[in-house]
Amino acid sequence: MPSSHASTSDSKPAASSGGVQSLERAFDLLERMADAGGEVGLSELSASSGLPLPTIHRLMRTLVICGYVRQQPNRRYALGPRLIRLGESASRLLGTWARPYLARLVEETGETANMALLDGDEIVYVAQVPSKHSMRMFTEVGRRVLPHSTGVGKALLAHTSPEEVRALLARTGMPAATEKTITTPDGFLDALEHVRRVGYAVDDNEQEIGVRCLAVSVPNSPTSAAISISGPAGRVTEAATERIVPILQQAAKELSDALASSGSTG
């Protein structure tokens, strides 16, 4: 997600209050730490934020005391474990916020709609609205799967560097869920290139025989997220794909816009 760091300029109206200014600056530092990979030194934070070292040191001490940051033995600072609980709760809410968009996807496509996140090396489904067809796909919310055999996995990893993708696949392995599952890193990287080229991902009988899934990532989501529809291969045909993909892409854009506006104070 593009960084939306708060300005440190004294011209900001909110900065006139010391308490509000400190809160803005503390969240700005946390976001800068996340952008830097989760661990930074004070001098790096000072250079990127423009804040003086004493100010950064005071804010970081407060964050350390609260458990949101921890100081490493090498004197650098890392994001703290207390953020995990906040992140997990926010991720669950992300699925709740997505449900109206998934429900509309079901109405417009007739197929089951899902939302999934990349959690570590795995895909986790956080929301689903089932199709009204008697023959429909069902994935339990909370289910975890490996990325290489899913449309949402391809959508989520499409813009990850080949080196990072290969490292992830080396950690997870590439077991075959069906005879159509991609089981080689080169094959998966080719599939990701296709996703980048056409703008959507397909799971064509790769997770379950007889099931096709179409997926797109949610642009600028605060965490890597994708939405998808899944249904019987006899309904989610190539012809249906041409109709469904623009609907999926529009839903992803509208969800992205809603998530962005929810963080705005107006």
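Read on for an overview of the structure. (Residues numbered from 1 in each chain as written. Predicted model: local features only at pLDDT ≥ 70, side-chain atom pairs only at ≥ 80, totals over all residues. Heavy atoms only, no water.)

**Considering the overall build of the protein chain**
- For the protein chain, the count of helices and strands is eight helices and nine strands.
- Relative to its full complement of 266 residues, the protein chain shows a buried share of 42%.
- Excluding contacts between residues fewer than 6 apart, the proportion of contacts in the protein chain whose partners are at least 24 apart in sequence is 55%.
- As displayed, the protein chain offers around 13,700 Å² of accessible surface, 54% of which is attributable to carbon and sulfur atoms. (Helix = DSSP H or I, 4+ residues; strand = E, 2+ residues; numbered from the N terminus. Buried < 20%, exposed > 50% of the residue type's maximum accessible area, 1.4 Å probe, protein only. Contact = heavy atoms within 4.5 Å. Areas by Shrake-Rupley, 256 points an atom, 1.4 Å probe, with all protein chains shown as cover.)

**Some points on the sheet that holds strand 3 (residues 77–79)**
- An order of 1-3-2 is seen for the three strands of this open sheet, with the pairing classed as antiparallel. A single partner strand is all that each edge strand has here, and the edge strands are strand 1 (39–40) and strand 2 (69–71).
- Pairing of strand 2 with strand 3, which is carried by three bridges, proceeds in the antiparallel orientation. Bridge assignment links R70 to a residue of strand 3, and that residue is A78.
- Running at roughly 105° to strand 2, helix 3 (residues 53–66) makes contact with strand 2 and strand 3 of the sheet. (Pairing = 2+ DSSP bridges. Axes fitted to C-alpha atoms, helices over the stretch in contact; angles between N-to-C directions.)

**Some points on the pattern of salt bridges**
- Following the criterion strictly, the structure yields 18 salt bridges and no others.
- Among the salt bridges present, the one from R76 reaches E39, with a minimum N-O distance of 3.3 Å. Linking R76 in the loop between strand 2 and strand 3 with E39 in strand 1, this pair joins segments that are 37 residues apart in sequence.
- E39 gets classed as partly exposed once you look at its relative accessible area, which sits at 28%.
- Residue D121 pairs with R171 through a salt bridge whose shortest N-O separation is 2.7 Å. With a gap of 50 residues between them, D121 in the loop between strand 4 (112–119) and strand 5 (122–129) and R171 in helix 6 (residues 162–172) connect regions that are remote in the sequence.
- Take D121: its relative accessible area is 22%, and that puts it in the partly exposed class. (Salt bridge = Lys/Arg side-chain N within 4 Å of Asp/Glu carboxyl O.)

**Considering the pairing of strand 4**
- Most of strand 4 sits inside the fold, with six of its eight residues counted as buried.
- Bridge count between strand 4 and strand 9 (residues 225–232): six bridges; the pairing is antiparallel. Bridged to M115 within strand 9 is I227.
- Bridge count between strand 4 and strand 5: seven bridges; the pairing is antiparallel. Each bridged residue has a counterpart across the sheet, and for N114 the counterpart in strand 5 is Q128.
- Between strand 4 and strand 5, which pair antiparallel one after the other, the connecting turn spans two residues, and G120 there sits at a positive phi close to 65°.

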